[in-house]
Amino acid sequence: MSEEKKPLNFIEQIIEEDLSNGMSKNDLRFRFPPEPNGYLHIGHTKAIGISFGLGEKYNAPVNLRFDDTNPAKEEQEYVDAIKEDVAWLGYKWDKELFSSDYFQQLYDWAILLIKAGKAYVDSQSSEAMAEQKGTPTQPGVDGPFRNRSVAENLDLFERMKNGEFEEGSHILRAKIDMQHPNMLMRDPIMYRILKRHHHRTGNDWCIYPMYDWTHGESDYLEQVSHSLCSLEFKPHRELYDWFLDQVINPDLIRPKQREFARLNLSYTIMSKRKLLQLVDSGIVNGWDDPRMPTISGLRRRGYTPNALRKFVETAGVAKRDNVIDVSLLEFCIREDLNKAAPRVMAVLDPLKLVITNYPEDKEAWLEAENNQEDASAGFRKVPFSRELYIEKSDFKEEAGNKFFRLKLGGEVRLKNAYIIKAESVKKDANGNILEIHCTYSEDTSKKVKGTLHWVSIKHAIKVEVREYDRLFMDEAPDSHQDKDFMDFINPNSLKTIEAYVEPSLKEAKIGDRFQFQRLGYFNVDNDTTSERLIFNKTVGLRDSWAKQKPAQNNPNQKQQNNKPQQKRKAIDVIQQLGKKYTNLPEIKQQKVKAEIQELAKSVTYEELEPLFNTAAKKVGTRIAVAMTLGVLLNNGLERNENINIFIEKASSDSNELLINEVKY
RNA sequence: UGGCCCAUGGUGUAACUGGCAACACGUUGGUUUUUGGUACCAAAGAGUCUAGGUUCGAGCCCUAGUGGGCCAACCA
């Protein structure tokens, strides 16, 4: 029963190292610090999973801290939504805290800094300060207020706090180094005047601390041991540490900031600002629209906490920029639902089927298994009668023998019922099929290739089904410098249809999840009323049949594969091909050689020449160079000394492949 | 005229102090199946961005280059 030991990710390694360097396990503490300015999305699920996951792993407390230092953007609505989402994911936080709880402490510390000559009030316009700040490549210069006296700074800062000044007229900034190579260290702003109502402190304050001044000190106040955030905060670490140095008591825990790469999902965006834009512009119906990558959207769509947790866990933690394919997310939700979701029958695109040898007034309630993956799920009854609906795509008048569904003269099984044979079709004047006429046989033991789902017309419930496609048509919609992400909106991301479901679904409650057999997983949407059942399609079943057909009615298929991947230089590809050349079987060598010779046409001599010095032991590379050189010579390149030396050395090599290649 | 971070199959993540590059998704083929689902079996796919170095041995260490990302909000 030895639990297989999973390799540790780099953050866990850091913690293990701290532990082995004497840190007590009891001192471990983490936090998840969202700003309540929007809804959480699946990217946050990773951050949540990391910090709360560590908490579970080490049995350490994890705080939920709202980073609410900017009243202009933050609202109680978001606080509530965030709490709901974190709880739904199944995580329990130790304390619910707010950065605004620390406003007074932060203010007191700021005064200490002023007194120590490490902070000053600047009274310039933001433009003037921006100018003095320099650029990443140019150092900044000191501003005119940098050397105000402590007394003056104290006085000004107090008056800022008392509301005597207008917004924008003064700020408090740390006095660090305007020439510092890290822009963030060039006298960062600590406080600005904001005459705004704060969702928790009301009108108590009219100066608000900035992120950098707040975050590390808050971690310290909470005695967080490891403060984990995403990579774009890496440059902030230096400032985080500087601010900590000003107030730290060496007897207490000093929090460590460490950074990981944020999660990106293909075909969607992960920025609160842009998500808000989708909501505000009406492209989606709110933050919890099932097409949104928000936790609330995914929840409404039918995703389970388990699936989401599994997903971020599988995606892993590292420092490399990444774009995870949605297929992994879909795999996780299918895996979870396959085990749990009861099976039912529903027809989304109905075609009438009449069983001519079944009595008109007869009906039978047949036994159907609820879930063959779960023995405890039991059985239910489904009604059968003379007139049924089947899926339009399940019938073709004529089809090859790779088509396992119903065709004229062919036999097929009706799930949970009988075997039928299609005898004839009834069409309208335009040749559209109106009905299929079949005969049935009660002998169900026969082997047939196909099994169709169906509903009895007389008994079926008419419902609304919402099918979703990806919101964007591009794999990485917000990674194009020249185009706006809104340009890639998929106009057909929502399809609403009328469908027919078996009567057992009458009792379905909002949120219930089902597998519509052969179609996919669906859940009951919030919009459902007592009159009208509404289903969301969570995700389709894997469908290896659909893949074989040409695109047809498959808008869901991968659109195209022209990835943004930049083209590698021909010479680089040649080198790579060359490296493994000697290990290849002869047939492959010929193919690779042709490939190299093709690539060689776009290689210049200047690119090739440095490779003449390739180490003798790297034969493959030298062979590739020889091949490329051959092409260039053929195209009129004149021989020079370097070329001759290369050829000479190669000709006397012990490798025959190489020798052959320099027989120009 | 900068600083910091990153580079392993199509995607994501591994590879304990250097020792035949693994796992998952995806792809392909097969077996089972009253879901063209699930389960199971198998296969293909990278030799680790490039060059040089250290070493008996480098994805892991060193140097230089290349490519990508982040940093100039009174946002977080």
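Residues numbered from 1 in each chain as written. Chains lettered and ligands numbered in written order. Predicted model: local features only at pLDDT ≥ 70, side-chain atom pairs only at ≥ 80, totals over all residues. Heavy atoms only, no water.

**Q** What's the story with the UniProt feature "domain: tRNA synthetases class I (E and Q) anti-codon binding" (unreviewed entry) in chain A in this structure? I'm lost.
**A** The sites that UniProt annotates as "domain: tRNA synthetases class I (E and Q) anti-codon binding" (unreviewed entry) are residues 451-525. Between the C-alpha atoms that bound residues 451-525 the distance is 29 Å, and the span itself is 0% helix and 39% strand. (UniProt positions renumbered as here; feature names shortened; annotations may be inferred. Helix = DSSP H or I, 4+ residues; strand = E, 2+ residues; numbered from the N terminus.)

**Q** Please clarify how the UniProt feature "domain: Glutamyl/glutaminyl-tRNA synthetase class Ib catalytic" (unreviewed entry) in chain A should be interpreted in this entry.
**A** Mapped onto this structure's residue numbering, the UniProt feature "domain: Glutamyl/glutaminyl-tRNA synthetase class Ib catalytic" (unreviewed entry) falls at residues 28-338. Summarising residues 28-338: 41% helix, 12% strand, and an end-to-end C-alpha distance of 38 Å.

**Q** Any chance you could explain the environment of Phe66 here in plain terms?
**A** Along the polypeptide, Phe66 turns up in strand S2 (residues 62-66). Given a relative accessible area of 0%, Phe66 falls into the buried group. Taking the C-alpha atoms as reference points, Phe66 and Thr538, separated by 472 residues in sequence, lie 31 Å from one another. Once residues lying within four places of it in the same chain are set aside, the contact partners of Phe66 are Pro34, Pro36, Val79, Ile82, Lys83, Glu96, Leu97, Phe98 and Ser99. (Buried < 20%, exposed > 50% of the residue type's maximum accessible area, 1.4 Å probe, protein only. Contact = heavy atoms within 4.5 Å.)

**Q** Just to check I follow, could you spell out the pairing of strand S5 (residues 171-174) for this structure?
**A** Side chains of S5 alternate between two faces, with Ile171 and Arg173 and Leu172 and Ala174 buried alike. Bridge count between strand S4 (residues 119-122) and S5: four bridges; the pairing is antiparallel. Within S5, the residue paired with Tyr120 across the bridge is Arg173. Judged from the three bridges that link them, S5 and strand S6 (residues 189-193) form a sheet pairing that is antiparallel. Its bridge partner being in S6, Ile171 is matched across the sheet by Arg192. (Pairing = 2+ DSSP bridges.)

**Q** Could you clarify how one ought to interpret the packing of aromatic side chains in this entry?
**A** Two aromatic rings are characterised by how far apart their centres lie and by the angle between their planes. Within this structure, the stated rule accounts for 25 aromatic pairs. Plain terms: the ring middles of Phe384 and Tyr418 are 5.0 Å apart, the flat faces sit at 85 degrees to each other, and that makes the pair edge-to-face. Of this pair, Phe384 sits in strand S14 (residues 379-385) while Tyr418 sits in the loop between strand S18 (411-414) and strand S19 (419-427), and the two are 34 residues apart along the sequence. Like Phe384, the residue Tyr418 is buried in the burial classification. Pairwise contacts between aromatic rings join Phe103, Tyr107, Phe157, Tyr191, Trp205 and Tyr208 into one cluster. Positioned above the aromatic ring of Tyr267 is the side chain of Arg470, whose terminal nitrogen or guanidinium carbon lies 3.7 Å from the ring centre. (Phe/Tyr/Trp six-rings, centres within 6.5 Å; stacked < 30°, edge-to-face > 60°. Lys NZ or Arg CZ within 6 Å of the ring centre and 35° of its normal.)

**Q** Could you clarify how one ought to interpret the packing of helix H1 (residues 10-20) against helix H2 (residues 42-58) in this entry?
**A** Two numbers describe a pair of packed helices, the interaxial angle and the distance between the axes. Between H1 and H2, whose axes approach to 12 Å, the crossing angle comes to 40 degrees. It follows that H1 is oblique to H2 by the angle criterion. Handedness of the H1/H2 crossing: right-handed. Facing H1, whose interface residues are Ile11, Glu12, Ile15, Glu16 and Leu19, H2 presents Ile50, Leu54, Lys57 and Tyr58. For the contact of H1 with H2, the class distribution of residues is six nonpolar, no polar and three charged. (Axes fitted to C-alpha atoms, helices over the stretch in contact; angles between N-to-C directions. Parallel < 35°, antiparallel > 145°, perpendicular 65-115°, else oblique. Left-handed = near helix turned anticlockwise from the far one by under 90°. Nonpolar A, V, L, I, M, F, W, Y, C, P; charged D, E, K, R; others polar.)

**Q** When you look at the sheet that holds S19 in this model, what are you seeing that I'm missing?
**A** Backbone hydrogen bonds hold the strands of a sheet together, and the pairing may be parallel or antiparallel. The mixed open sheet is built from seven strands, whose spatial order is S21-S18-S19-S20-S12-S15-S22. Edge positions in the open sheet fall to strand S21 (451-452) and strand S22 (455-456), since each of these has one partner strand only. Pairing of strand S15 (residues 387-391) with S22 involves two bridges; the strand directions are antiparallel. In the strand pairing of S22, Tyr389 is matched with Val455.

**Q** How should I be thinking about the sheet that holds S2 in this particular structure?
**A** A sheet is described by the order of its strands in space; here three strands give the open sequence S1-S2-S3, paired in parallel fashion. What marks the edges here is a single partner per strand, and that holds for strand S1 (30-32) and strand S3 (96-98). Across the sheet, the axes of successive neighbouring strands diverge by a mean angle of 35 degrees, strand direction being ignored. Contacts from H2 reach S1 and S2, with the element oriented near 155 degrees to S1.

**Q** Explain helix H7 (residues 211-222) to me, please; I cannot follow it from the model alone.
**A** Every α-helical turn comprises 3.6 residues, leaving residues that sit three or four positions apart pointing alike. The first and last C-alpha atoms of H7 sit 16 Å apart over twelve residues, in line with the 16 Å expected at 1.5 Å per residue. Within H7, ten of the twelve residues are buried, which leaves it mostly tucked inside the rest of the structure. One or two positions beyond H7, positive phi appears at Gln223, with a value near 60 degrees. (Expected span 1.5 Å × (residues − 1).)

**Q** Hey, could you run me through the pairing of strand S12 (residues 350-355) in this one?
**A** Two faces belong to every sheet, and in a regular strand the side chains alternate between them. Pairing between S12 and S15: five bridges, direction antiparallel. Bridging from a neighbouring strand, Val354 pairs with Glu387 of S15. As paired strands, S12 and strand S20 (residues 433-441) are joined by four bridges and run parallel to one another. In the sheet register, Lys352 faces S20, and the bridge partner there is Glu435.

**Q** It is not clear to me how the confidence of the model for chain A should be interpreted in this structure. Could you clarify?
**A** The predicted coordinates of low-pLDDT regions are not to be read in fine detail. Looking at chain A, the pLDDT average stands at 90 and 89% of residues meet or exceed 70. Note that pLDDT drops below 50 for residues 550-568; the model gives that stretch 21 contacts with residues more than four away or on any other chain. Overall fold confidence for the complex sits at a pTM of 0.85, while the interface term, ipTM, reaches 0.96. (pLDDT = per-residue confidence, 0-100.)

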